[in-house]
Amino acid sequence: MAGHLKQKQLKDAVKIISSGSLLFASYLTVVGDERFYANQLMPLLQRIVGAETAHVLAVKMIGLGLVPLNCYQDPASLEVKVLGLTFKNPVGIAAGFDKHAEAVDGLYKVGFGFVEVGTITPKPQEGNPKPRVFRLTADQGIINRYGFNSCGLEEAQLRMKARDATRQQLSRAGLPLGINLGKNKLSQDAGADYLEGVRALGSLADYLVVNVSSPNTPGLRNLQGKAELQQLLQRVLKERNALQGEFKPPVLVKIAPDLTAQDRQDIADVVTELGVDGLMVSNTTVSRPETLRDPNKCEVGGLSGQPLKDLSTNTVREMYSLTKGKMPIIGIGGVASGQDALDKIRAGASLVQLYTALTYQGPPVVTKIKRELEQLLEEQGFSSVSEAVGADHREEKGMICKCSSQQKTVTVEKDVASLAALSSS
């Protein structure tokens, strides 16, 4: 009898502990505990749910507004004024997450300072065969070969027209919306595809992105060639300028990190000459660093996340230098912390975007990055993000001037010593 009683008490205790653990886990999920998401919840979900399924579910849930509580208030130091727009904070969601513009308002709720939807192609297309998304968990990266799976312009236009009044209101509040445009896989006239995108969605966007750098659409990266890019952008800018209404959305070009020095120089020359409004740096990479450890590292497609971080930051730095700091840059690739964001900002980016970090750390990563960035700016003596943009270049220039000055001083001292020696003799 006593043994039966003890067994019942043990079962009751297990039930209480299990219920308590579930309640506690639910509480941490709702309040958006950063460590719980990064170390417990997201790894668990990744073991249970495949990469593309998880992506689709995440868009659905965020689209329904099912996101963790976000109590962080963006400080004045994170506000950025660039591209003729105001951004409450410099952290945006990169294109590729909300491909069909289904979760825009939920993404603002997560804490992003701006949202970019797409890539959207003129006609609906399925993209490449599945499986086409692969986690590199050991490397905190992802390889995807989606291939511009898109709902097409017609569906996207209907969805975005329905919330255009909200878009305008949010834009005035410092939460702009970008639309990323692409070409259909089988299109014979890439330029015509981009022009169709500008006509259909230009008046519904705060900025437009011409995506010529995805590695998963055959021939697309060829549009980064000097002659091809110049011709394409001339047509796009002309179409943008012909849009009805007073506001003409800024046009940015999204480039690859896998460019030669001549390619980068050519792109800088073209966008400067034509008066393009900004650069998105960068898309995913087809390169594979030797440091990759995950078994999925050999999959074909574009690599994003931490393995892309240094390559994209160096590309930001190079493009800032080639455009003499006059071209606004949005830095993308491997942003998972405040330090990652600041590295890109100091290299020359006015804004940053993330996507892969959301996969590994969940929605709370956005608040974490903003909070860390706010602290780092203060520690390094910057009163705002804008003040930190391109700081590495100014410090480097200062070091060169200092070294040059020291060299001149040494030379003068040597000359004086030589004259003194001649006088004494």
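Just above, that's the structure.
Here is what the cut-offs are and how they apply
- Residues numbered from 1 in each chain as written.
- Predicted model: local features only at pLDDT ≥ 70, side-chain atom pairs only at ≥ 80, totals over all residues.
- Heavy atoms only, no water.
- Helix = DSSP H or I, 4+ residues; strand = E, 2+ residues; numbered from the N terminus.
- Expected span 1.5 Å × (residues − 1).
- Buried < 20%, exposed > 50% of the residue type's maximum accessible area, 1.4 Å probe, protein only.
- Pairing = 2+ DSSP bridges.
- Phe/Tyr/Trp six-rings, centres within 6.5 Å; stacked < 30°, edge-to-face > 60°.
- Contact = heavy atoms within 4.5 Å.
- Salt bridge = Lys/Arg side-chain N within 4 Å of Asp/Glu carboxyl O.
- Axes fitted to C-alpha atoms, helices over the stretch in contact; angles between N-to-C directions.
- Core = buried A, V, L, I, M, F, W, Y, C linked by side-chain atoms within 4.5 Å.
- Parallel < 35°, antiparallel > 145°, perpendicular 65-115°, else oblique.
- Left-handed = near helix turned anticlockwise from the far one by under 90°.
- Nonpolar A, V, L, I, M, F, W, Y, C, P; charged D, E, K, R; others polar.

Engineer: How should I be thinking about helix α10 (residues 309-322) in this particular structure?
Structural biologist: Residue pairs three or four apart in sequence face the same way in an α-helix, which turns once every 3.6 residues. Along its 14 residues, α10 runs 20 Å from first to last C-alpha, staying within 8% of the 20 Å computed at 1.5 Å per residue. Within the span of α10, buried status applies to Lys-309, Ser-312, Thr-313, Thr-315, Val-316, Met-319, Tyr-320 and Leu-322. Phi for Lys-324, located one or two positions after α10, is positive at around 60°.

Engineer: What should I look at first to understand the pairing of strand β6 (residues 141-144) in this one?
Structural biologist: Regular strands show a simple pattern: their side chains alternate between the two faces of the sheet. Both faces of β6 are covered, namely the face carrying Gly-141 and Ile-143 and the face carrying Ile-142 and Asn-144. In terms of strand pairing, strand β5 (residues 133-136) meets β6 through 4 bridges, oriented antiparallel. Its bridge partner being in β6, Phe-134 is matched across the sheet by Ile-143. In sequence, β5 turns back onto β6 through a hairpin of 4 residues, with Gln-140 there showing a positive phi of about 55°. Across 4 bridges, the pairing between β6 and strand β11 (residues 302-305) is antiparallel. Its bridge partner lying in β11, Ile-142 is registered against Ser-304.

Engineer: Which parts of the structure should I look at to understand the packing of aromatic side chains?
Structural biologist: The relative placement of two aromatic rings is captured by the distance of their centres and the angle of their planes. By the definition in use, this model includes 4 aromatic pairs. On the numbers, 5.2 Å between centres and 85° between planes, the contact of Phe-87 with Phe-114 is edge-to-face. Pair noted here: Phe-87 is in strand β2 (residues 85-87) and Phe-114 is in strand β4 (residues 114-120), with a separation of 27 residues, a long-range link. Phe-114 carries the same exposure label as Phe-87, and that label is buried. Site record: aromatic cluster; members linked through ring pairs are Phe-87, Phe-114 and Tyr-207.

Engineer: Please explain the environment of Gly-178 as it appears in this structure.
Structural biologist: Along the chain, Gly-178 turns up in strand β7 (residues 177-181). Each C-alpha atom of the pair Gly-178 and Leu-204 lies 9.0 Å from the other, and the pair is 26 residues apart in sequence. The residues touching Gly-178, leaving out its near neighbours within four places in the chain, are Val-115, Glu-116, Val-117 and Tyr-207.

Engineer: Would you mind going over the pattern of salt bridges with me for this structure?
Structural biologist: Where side chains of opposite charge bring their charged atoms close, a pairing between them can arise. Overall, the coordinates contain 20 salt bridges when judged by the stated rule. Taking the shortest distance from any N to any O, the salt bridge between Glu-102 and Lys-60 comes out at 3.8 Å. Within this pair, whereas Glu-102 is found in the loop between β3 (91-93) and α4 (104-110), its partner Lys-60 is found in helix α3 (residues 51-63), the two being separated by 42 residues in sequence. A relative accessible area of 34% means that Glu-102 is categorised as partly exposed. We classify Lys-60 as partly exposed; its relative accessible area is 46%.

Engineer: Mind showing me how you'd approach the sheet that holds β11 here?
Structural biologist: Strand pairs in the sheet, formed through backbone hydrogen bonds, run parallel or antiparallel to each other. The antiparallel open sheet is built from 3 strands, whose spatial order is β5-β6-β11. The sheet is open, and its two borders are formed by β5 and β11, each paired with just one other strand. On average, each strand axis in the sheet is tilted by 25° relative to the strand beside it, whichever way the strands run.

Engineer: Help me understand the sheet that holds strand β13 (residues 351-354) in this model?
Structural biologist: Pairing is parallel around the closed barrel formed by 8 strands, whose spatial order is β3-β4-β7-β8-β9-β10-β12-β13. Recorded for the sheet is a direction-independent mean angle of 25° between the axes of neighbouring strands. Pairing of β4 with β7 involves 4 bridges; the strand directions are parallel. Bridge pairing in β7 links Val-115 to Leu-177.

Engineer: What should I look at first to understand the nonpolar core in this one?
Structural biologist: Side chains that are nonpolar tend, in soluble globular proteins, to be buried together. Of all hydrophobic cores here, the largest spans 100 residues; its most connected members are Val-117, Ile-179, Tyr-194, Leu-201, Val-253, Leu-279 and Met-319. Excluding residues that lie within four positions of it along the chain, Met-319 makes contacts with Ile-255, Arg-264, Ile-267, Ala-268, Leu-279, Val-281 and Ile-329. With 5 residues, the next largest nonpolar core counts Val-133, Ile-142, Tyr-146 and Tyr-360 among its residues.

Engineer: Just checking my understanding: could you explain the side chain of Ser-77 for this structure?
Structural biologist: Within the secondary structure, Ser-77 is located in the loop between α3 and β1 (80-82). In this structure, Ser-77 is in contact with Glu-374, Leu-377, Ser-383, Ser-384 and Val-385, ignoring residues within four places of it in sequence.

Engineer: Got a minute to help me understand the packing of helix α9 (residues 261-274) against α10 in this structure?
Structural biologist: Packed helix pairs are specified by the crossing angle of their axes together with the interaxial distance, meaning the distance between the axes. Across the interface, α9 lies against α10 with an axial gap of 9 Å and an inter-helix angle of 50°. The angle between the axes of α9 and α10 places the two elements in the oblique class. Here α9 and α10 pass one another in a crossing that is right-handed. For the pair α9 and α10, the contacting residues are Arg-264, Gln-265, Ile-267 and Ala-268 in the first and Thr-315, Glu-318, Met-319 and Leu-322 in the second. Here the residues of the contact of α9 with α10 sort into 4 nonpolar, 2 polar and 2 charged.

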